[in-house]
Protein chains: 4
Amino acid sequence: MSEDKTWETKVTDIEPNKIRLRGYPIDNLMGRVSYPEAFFLAIVGELPRPGYRKILDAILVSSIDHGVTPPSANAAMTIASTGNPLNAAIAAGVLAISKFHGGAIEGCMETLAYGVVRVESSGMSVEEAARKIVIESKELKQRVPGFGHRYHSNDPRSLRLFELAKEEGVWGKFTEMAVAVEKALFENSGKKLPINVDGAIGAVLLEMGIPPSLANAFFITSRLPGLVAHIVEEKSTQKPMRRIVTADAIYTGPPERLVE
Amino acid sequence: MSEDKTWETKVTDIEPNKIRLRGYPIDNLMGRVSYPEAFFLAIVGELPRPGYRKILDAILVSSIDHGVTPPSANAAMTIASTGNPLNAAIAAGVLAISKFHGGAIEGCMETLAYGVVRVESSGMSVEEAARKIVIESKELKQRVPGFGHRYHSNDPRSLRLFELAKEEGVWGKFTEMAVAVEKALFENSGKKLPINVDGAIGAVLLEMGIPPSLANAFFITSRLPGLVAHIVEEKSTQKPMRRIVTADAIYTGPPERLVE
Amino acid sequence: MSEDKTWETKVTDIEPNKIRLRGYPIDNLMGRVSYPEAFFLAIVGELPRPGYRKILDAILVSSIDHGVTPPSANAAMTIASTGNPLNAAIAAGVLAISKFHGGAIEGCMETLAYGVVRVESSGMSVEEAARKIVIESKELKQRVPGFGHRYHSNDPRSLRLFELAKEEGVWGKFTEMAVAVEKALFENSGKKLPINVDGAIGAVLLEMGIPPSLANAFFITSRLPGLVAHIVEEKSTQKPMRRIVTADAIYTGPPERLVE
Amino acid sequence: MSEDKTWETKVTDIEPNKIRLRGYPIDNLMGRVSYPEAFFLAIVGELPRPGYRKILDAILVSSIDHGVTPPSANAAMTIASTGNPLNAAIAAGVLAISKFHGGAIEGCMETLAYGVVRVESSGMSVEEAARKIVIESKELKQRVPGFGHRYHSNDPRSLRLFELAKEEGVWGKFTEMAVAVEKALFENSGKKLPINVDGAIGAVLLEMGIPPSLANAFFITSRLPGLVAHIVEEKSTQKPMRRIVTADAIYTGPPERLVE
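**Concerning the overall build of chain A**
Okay, step 1: The helix and strand inventory of chain A stands at eleven helices and five strands.
Okay, step 2: A principal-axis box enclosing the C-alpha atoms of chain A has dimensions of 60 × 55 × 45 Å.
Okay, step 3: Burial statistics for chain A: of 260 residues in total, 61% are counted as buried.
Okay, step 4: Of the contacts formed within chain A by residues at least 6 apart in sequence, a portion of 72% connects residues at least 24 apart.
Okay, step 5: If you sum the accessible surface of chain A, you get close to 10,000 Å²; carbon and sulfur atoms cover 52% of it.
Okay, step 6: Taking the average place of the 30 positive charges on the side chains of chain A and the average place of its 31 negative ones, the gap between the two points comes to 5 Å.

So this is what it looks like as structure tokens:
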């Protein structure tokens, strides 16, 4: 076999009794870095700095579930309902996380990054760049991705993520641009279209150096436990191949409780 | 619409500006519990006790990647290579995590649980129950799932997971049974078939009260970052629709380095 | 590379400007055999005899669609609705065709084959074997797969398939067993549980020598055009990421018309 | 429930004991139209004219399989190899049929349609429009989709499909444009880049009024039997979770034979 058939991978090096992710032996990582940090290492190539740890956990917790109505939950339950194993039901849920479901994270990241480029290259102020974004999307009759929510008027998850981001020092030109766009949207329309969880995740991911093309990896990973929970519930409490009308679901789980 | 069309869900309660997972507002969880703890909450229904936090992270880190050769990486890269978006490539990788790839976790959990039931119901000693398991699988010409590895003679990930499990007090009758089976396998055959990473994860999951049917959810979540890393690498460094021969891959990433 | 790394395939032979399926050049097959005959060739290894041609077409037409309510249509529309390309939406529909959706074909084939084995090995009459099947499934509190339908009391597709099968001489011990089981079910319960389309397909597939393990390939292929039609309709007439309540769909297509 | 929640579907009408596809009772279609004709009916909304029957069969036969090396076969075998059921393995194969695998049909259709539009709107000759297509793709450093093949210098499937299309009168401005592009490519480069099977399918689909967006539905349906054949072979002749190196496969099936 000639040498030139080889191809390169920079992800993982395997030798007998040695598995190294981006150079780090996995047994060395275990107990020393968290799963979200190892996730960052796997896809970015380097470990995140210490301040990112809490934020990465918070991002992955923020979108962990949104009940039975999102298309991903619906698809996962439908595939579970026809008698498939867990992996197939998860795969169907993952397929649903696409342009119109979770895709606003990527769209928001591209919008904010473009605004920041404008500021840096043209001397435009942050406020001006934000106004341009709002005006241009109005002209195209498009919503600014990551702002407003069809159900939540003031998304508690985005508020909390921004609060944590400030505390941990993961705050800068991209999160500032997000705040400026929120303000510009209100000034332009008189309606409150606050940054939603997709938008807040997008802004914070940009602060950590994540490119827009990786946004969906965060949303899919975040939502995975929710998909599993709905699949398990479907299989253990419902008849096979029922017609799943999500609007007819009623919540009968524990009442509100808080982590101290 | 008559009341009896309704159906129950105990996972997530949604109201305007309120999203509660198993009762906990998600914004309350953010910054207070880690993603692996929220994962546990989502699928089990209750938050894990504090000692589990480090173990859950370690489990999810342990199987984060195993290079380009596993079927899940291969399937994910193949689907990426034909021009699909990230979600489809991840879905294909998830489909590969099945009976013969990751499935040993579930198999090992069932075996260990059966051994423990025997001890508790018949007064048999742990050593005797372990010997029975080994003899019975030999009679069926089957391997005991979770022991031995075709590549690693002494899997550093299982050693590290057991070390951490002892430190954190996640050690009991299931992990003891795993140790006894390892010993019985050696006595029976004279060959070392040490517990592998699947077996160690299985034993520790049982200690935390996870049922075997949920094992694959942990493996799929653990492997997700690895799948993403291979998908991104395929898309950014390789020509579309190439023939992917995993044996021809050479690792050109960072040399060994350690987290302190 | 040593010779022993090679592995065998008996499906297709490729040389420059030659593609042979099971030995037949594909350009030789084109225009001479129908797609359903080539399908049979691909999966069985030999071309069907001439009498099977019409039956294979009829089987693949019989399950081509069943409106928007089946889980496969629902999953395909859901994945289309979130902005995925055609292939991902089809893949999700295919995932839904499983144990409880289309799976009755395989179940019915196993039941009928078992009945025929009993007749041939024990000298039991067809009627007796059919009664045994009914009694045994009653004892197990299970339905006989392939009989009765939750919506159609007398499935016109099974009647038509059996009519064609008789005309084409694809009629024998398996279809006779199906008729006997239908009779035994009525005698046993006093309720009509006529053979449904899954059962009729199963009986006729057995007559053509298809094993039960291939049943789902026929159902998936048959349903593919229906999935595509629903995906195209969803994408071209509906807003993205809508909540799809199949019970609210109303049919507004052409009124009844007939092929002469 | 208010009336305005309803939504329209024009695909299939279901009543007890009546299933009508685009108005035609399915039992009326069975035995009277072929599966490819019913496929056309499902996705286009009307039955094809009689001359299309043979061509539809030929299109679906033309791409039925291409051995073990295409990504779709590889993905399907990989998922089968890890212990999944048939539906999951088919779904993975379907996911692989995307932009760079089968996608040339759609690309070729768009190119030919654009050439025809130019002729009709500008009075340009067919030859001139074809030359423009070649020159413009050269400027963009792109291949004209549907012409040339990395393995077959003269694809016997495209020759046969065009021969049948002429015989059946499915020949017109789109197929003529394809022939003109083939000639222009040769004149421009001195190299033969004959129309390949994707290109020939694309040209003939346009003649039948199929839009480019439906191209992939034909390729996926055509390839389905091939996927099933490889999945069945993998499951019945190979060890689970083997490393599948497609270059090491040797064909051991029947020698060349012909349908009279």
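**What to know about the interface of chain A and chain B**
Okay, step 1: Each partner contributes to the interface: chain A provides 105 residues, whereas chain B provides 105 residues.
Okay, step 2: Contact between chain A and chain B buries roughly 9,200 Å² in total, counting both sides, with carbon and sulfur atoms accounting for 65%.
Okay, step 3: Remark: the boundary between chain A and chain B carries six salt bridges.
Okay, step 4: For Lys18 of chain A, the salt bridge identified is with Glu256 of chain B, shortest N-O distance 3.6 Å.
Okay, step 5: Along the contact surface separating chain A from chain B lie 52 residue pairs in polar contact (both at pLDDT 80 or more).
Okay, step 6: Here the side of chain A that touches chain B takes twelve residues from helix 11 (residues 215–237) of chain A, the largest share from any one element.
Okay, step 7: Each residue belonging to the side of chain A that touches chain B can be placed in one class, and the counts come to 55 nonpolar, 26 polar and 24 charged.
Okay, step 8: Bridging between strand 5 (residues 249–251) of chain A and strand 1 (residues 7–9) of chain B involves three bridges; their strand directions are parallel. The residue bridging Ile250 of chain A from the neighbouring strand is Glu8 of chain B, located in strand 1 of chain B.

**Thoughts on the packing of aromatic side chains**
Okay, step 1: Scanning all chains against the criterion turns up 18 aromatic pairs over all chains.
Okay, step 2: Measuring from centroid to centroid gives 4.9 Å for Phe162 of chain C and Trp171 of chain C, while their planes differ by 85°, and the two rings are edge-to-face.
Okay, step 3: The exposure class assigned to Phe162 of chain C is buried, which follows from its relative accessible area of 10%.
Okay, step 4: The rings of Tyr35, Phe39 and Phe218 of chain A together with Tyr35, Phe39 and Phe218 of chain B are connected pair by pair, giving a single aromatic cluster.
Okay, step 5: A cation sits over an aromatic face here: Arg242 of chain D above Trp7 of chain C, 4.0 Å from the ring centre.

**Some remarks on the relation of the copies chain A and chain B**
Note: a rotation about an axis with an accompanying shift along it relates these two copies of the chain.
Okay, step 1: Under the fitted operation, chain A is carried onto chain B by 0.0 Å of movement along the axis and a turn of 180°, and the coordinates agree to an RMSD of 0.0 Å. Here the two chains are linked by the operation of a two-fold rotation axis. Minimal C-alpha distance to the rotation axis in chain A is attained by Ala91 of chain A, lying at 2.2 Å.
Okay, step 2: The overlap is high: 100% of the interface residues of chain A also sit at the interface in chain B, so the same surface is used on both sides.

Reading guide: rules and limits
Residues numbered from 1 in each chain as written. Chains lettered and ligands numbered in written order. Predicted model: local features only at pLDDT ≥ 70, side-chain atom pairs only at ≥ 80, totals over all residues. Heavy atoms only, no water. Helix = DSSP H or I, 4+ residues; strand = E, 2+ residues; numbered from the N terminus. Buried < 20%, exposed > 50% of the residue type's maximum accessible area, 1.4 Å probe, protein only. Contact = heavy atoms within 4.5 Å. Areas by Shrake-Rupley, 256 points an atom, 1.4 Å probe, with all protein chains shown as cover. Lys, Arg positive; Asp, Glu negative; His and termini not counted. Charge placed at Lys NZ, Arg CZ, Asp CG, Glu CD. Buried area = accessible area lost by both parts, 1.4 Å probe. Salt bridge = Lys/Arg side-chain N within 4 Å of Asp/Glu carboxyl O. Polar contact = N/O pair within 3.5 Å; in protein donor to acceptor, adjacent residues only side chain to side chain. Nonpolar A, V, L, I, M, F, W, Y, C, P; charged D, E, K, R; others polar. Pairing = 2+ DSSP bridges. Phe/Tyr/Trp six-rings, centres within 6.5 Å; stacked < 30°, edge-to-face > 60°. Lys NZ or Arg CZ within 6 Å of the ring centre and 35° of its normal. Least-squares fit on C-alpha atoms with pLDDT ≥ 70 in both.

These figures capture arrangement, not role.
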